[in-house]
Amino acid sequence: MNLEFAELPAASFRMGNPRGDGYPADGEEPVHEVSLSPFRIATGPVTNEQFAEFTEATGHVTEAERFGWSFVFSGFLPEDFEPTRAVSGATWWRQVHGAQWRHPEGPGTGVEERADHPVVHVSWNDAMAFCRWSGARLPTEAEWEYAARGGLEGAPFPWGDELEPGGEHMMNVFQGEFPNANSCEDGWAGTSPAGSFPANGFGLFDMTGNVWEWCADAYDRGYYAESPAVDPQGPPKGPEGPRVVRGGSYLCHASYCRRYRVDARIPNTADSSSGNTGFRVVTTGP
């Protein structure tokens, strides 16, 4: 398994959104001091090639494969696509039978030319299975945010305060008018190869944009108010509770989802999958 890691020493940082430009319902505040033990984090998200190695070695069948469908962005579907269930309040997400990690937009699509793109249509449970096989684990929410910041404090993005400094695209997000007119000014309509944009100060790629990334933690909107100060592990919820996803994706746009920020957080159920959610891994110890 060819996974590259960056080693991050023990450190303290201020976790949460200090700018007030987030979504109050997501629980990005209050800002609080967190101390972390050393850990190693993958420099990029797990790719299709790496996930294929896992499934070939283990025979793992993803939840999207077992359910027989997953959610696909409607902009990737033909105009005459059959009527299927859409997500309430986000009708651009369509249920597509046969959509799964090998067939990201449904039957007839593949990943042969996307080996170096992040794997998608993987649930939290699928990501955990990969971790058990690889000897890694999912990052805690605190580890993820510290790593995403790349040594900066208070900035919304891994590189600083401006979305496109000097007019340069620094991540893969939606440009144009969401959801019907993507200008693709950053070069991509869907996922991009891992590492297509500049790394942050810790040498990490795609910490914002491209795909949402699962964290180990259960999600609780009010958790920050009572979070432990040292190596927080998330609220003590059962296995059926929602889990944290971080970083935004190629579909994030300021008009409806300005969550392509290092301090943005949302919940998702552990068995959910979609065409814009993947993960990266961490390890601890020698």
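Just above sits the structure.
About the criteria used
Residues numbered from 1 in each chain as written. Predicted model: local features only at pLDDT ≥ 70, side-chain atom pairs only at ≥ 80, totals over all residues. Heavy atoms only, no water. Pairing = 2+ DSSP bridges. Helix = DSSP H or I, 4+ residues; strand = E, 2+ residues; numbered from the N terminus. Buried < 20%, exposed > 50% of the residue type's maximum accessible area, 1.4 Å probe, protein only. Contact = heavy atoms within 4.5 Å. Polar contact = N/O pair within 3.5 Å; in protein donor to acceptor, adjacent residues only side chain to side chain. Core = buried A, V, L, I, M, F, W, Y, C linked by side-chain atoms within 4.5 Å. Axes fitted to C-alpha atoms, helices over the stretch in contact; angles between N-to-C directions. Parallel < 35°, antiparallel > 145°, perpendicular 65-115°, else oblique. Nonpolar A, V, L, I, M, F, W, Y, C, P; charged D, E, K, R; others polar. Phe/Tyr/Trp six-rings, centres within 6.5 Å; stacked < 30°, edge-to-face > 60°.

## Topic: the sheet that holds strand β13 (residues 277-278)
A sheet is described by the order of its strands in space; here 4 strands give the open sequence β12-β11-β10-β13, paired in mixed fashion. Of all strands in the sheet, those with a lone pairing partner are β12 (265-268) and β13, marking the two edges.

## So, the environment of aspartate 220
Within the secondary structure layout, aspartate 220 lies in the loop between β10 (212-218) and β11 (243-246). In this structure aspartate 220 comes out as partly exposed when scored by relative accessible area, which is 26%. Taking the C-alpha atoms as reference points, aspartate 220 and histidine 32, separated by 188 residues in sequence, lie 16 Å from one another. If near-sequence neighbours (up to four positions away) are discounted, aspartate 220 is found in contact with Pro235, Lys237 and Arg265. Engagement of the side chain of aspartate 220 in a polar contact is seen with the backbone nitrogen of glycine 222, the distance being 2.8 Å.

## Section: helix α1 (residues 48-58)
Those residues of α1 not exposed but buried are Asn48, Gln50, Phe51, Ala52, Phe54 and Thr55. Contacts from the buried residues of α1 go to α3 (124-134).

## Regarding the side chain of asparagine 172
Counting through the fold element by element, asparagine 172 comes out in the loop between α4 (141-149) and β8 (176-177). A distance of 3.2 Å separates the side chain of asparagine 172 from the side chain of serine 192, its partner in a polar contact. Not counting residues up to four positions away in its chain, the partners in contact with asparagine 172 are Asp186, Trp188, Gly190, Thr191, Ser192, Phe197, Gly209, Asn210, Ser249 and Tyr250.

## A word on the nonpolar core
Core analysis: the biggest nonpolar cluster contains 29 residues, and Phe51, Phe130, Phe279 and Val281 have the highest contact counts within it. Elements supplying a minimum of two residues to this core: α1, α3 and β10. Looking at this core element by element, the count peaks at 5 residues for α3. The contact partners of valine 281, leaving out residues within four places of it in the chain, are Leu3, Phe5, Arg40, Ile41, Ala42, Val46, Phe130, Cys131, Ala136 and Arg137. Core analysis: the next-biggest nonpolar cluster, separate from the first, contains 23 residues, Ala11, Met15, Ala148 and Val282 among them.

## What about the packing of α1 against α3?
For the pair α1 and α3, the least separation of the axes is 11 Å and the interaxial angle reads 75 degrees. As far as their axial angle goes, α3 and α1 are roughly perpendicular. Contact residues: α1 offers Gln50, Phe51, Glu53, Phe54, Ala57 and Thr58, while α3 offers Ala129, Phe130 and Trp133. Class assignment of the residues belonging to the contact of α1 with α3 gives a composition of 6 nonpolar, 2 polar and 1 charged.

## Here we look at the packing of aromatic side chains
Enumeration according to the criterion identifies 21 aromatic pairs in this entry. Ring plane angle 50 degrees and centroid distance 5.3 Å describe the contact between phenylalanine 13 and tyrosine 146, whose orientation is recorded as tilted. Separated by 133 residues along the polypeptide, phenylalanine 13 in strand β2 (residues 11-15) and tyrosine 146 in helix α4 bring together distant segments of the chain. When its relative accessible area of 11% is taken as the criterion, tyrosine 146 is described as buried. Ring geometry for phenylalanine 51 against phenylalanine 130: centres 6.2 Å apart, planes inclined by 10 degrees, an arrangement best described as stacked. One end of the pair, phenylalanine 51, is in helix α1; the other, phenylalanine 130, is in helix α3, with 79 residues separating them in the sequence. Residue phenylalanine 51 is classed as buried on the basis of its relative accessible area of 0%. Note on phenylalanine 130: relative accessible area 0%, which makes it buried.

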